[in-house]
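# Notes for the structure review
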Amino acid sequence: MSWDLPSLAAGATALLDVTVNGARAGDLAQASLVSSTRFIELDAAVWSNNTVRVMARNISAATFDLAAATLSVGVAKRRVP
């Protein structure tokens, strides 16, 4: 999917909920953005059934406004011993 991040000031965050069918609490989630994200840190977590919340955080001292880019989200099922 495409994500056009808002302009992020230093330390600011942006959140996006993505539907991932079959995602459940405890599953591992990852996100990547096809863009130069040297100063944008991405984190992903299964937020609720079928929903992954992606957070982008500006870890620099400057404001960034990236162009729209492709966001990929993946979920790995938790292994139960």
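Now for a description of the structure that goes with this document. Because the structure is predicted, anything quoted here is derived from the model rather than measured. (Residues numbered from 1 in each chain as written. Predicted model: local features only at pLDDT ≥ 70, side-chain atom pairs only at ≥ 80, totals over all residues. Heavy atoms only, no water.)

Turning our attention to the sheet that holds strand β3 (residues 28-33). Sheet architecture is open: 3 strands sit in the order β1-β6-β3, paired in antiparallel fashion. In this open sheet, the two edge strands, each paired with only one partner strand, are β1 (2-3) and β3. In this structure, β3 lies alongside strand β6 (residues 69-76), joined through 6 bridges in antiparallel fashion. Counted as the bridge partner of Gln30 is Gly74 from β6. (Pairing = 2+ DSSP bridges. Helix = DSSP H or I, 4+ residues; strand = E, 2+ residues; numbered from the N terminus.)

The tally for this structure, following the rule as stated, stands at 3 salt bridges. The residue Asp17 makes a salt bridge to Arg53 at a minimum N-O spacing of 2.6 Å. Of this pair, Asp17 sits in strand β2 (residues 13-19) while Arg53 sits in strand β5 (residues 51-58), placing them 36 residues apart in sequence. (Salt bridge = Lys/Arg side-chain N within 4 Å of Asp/Glu carboxyl O.)

Here we take up the sheet that holds β2. In spatial order, the strands read β2-β5-β4; together these 3 strands make up an open sheet with antiparallel pairing. Of all the strands in the sheet, the pair left with one neighbour each is β2 and β4 (40-48). Adjacent strand axes in the sheet meet at a mean angle of 20° when their direction is disregarded. In this structure, β2 lies alongside β5, joined through 7 bridges in antiparallel fashion. Residue Val18 lies in a different strand from β5, and its bridge partner there is Val52. (Axes fitted to C-alpha atoms, helices over the stretch in contact; angles between N-to-C directions.)

With respect to the helices and strands, Ser60 occurs in the loop between β5 and β6. Within the structure, the side chain of Ser60 is placed 2.8 Å from the side chain of Asn58, a separation counted as a polar contact. Here Ala62 takes part through its backbone oxygen, which lies 3.1 Å from a polar atom of the side chain of Ser60. If near-sequence neighbours (up to four positions away) are discounted, Ser60 is found in contact with Ala10, Gly11 and Phe39. (Polar contact = N/O pair within 3.5 Å; in protein donor to acceptor, adjacent residues only side chain to side chain. Contact = heavy atoms within 4.5 Å.)

This structure, assessed with the given rule, holds 1 aromatic pair. Here the basic side chain of Arg53 rests over the ring of Trp47, its NZ or CZ set 4.0 Å away from the ring centre. (Phe/Tyr/Trp six-rings, centres within 6.5 Å; stacked < 30°, edge-to-face > 60°. Lys NZ or Arg CZ within 6 Å of the ring centre and 35° of its normal.)

As far as function goes, none of this settles anything; it's purely spatial.
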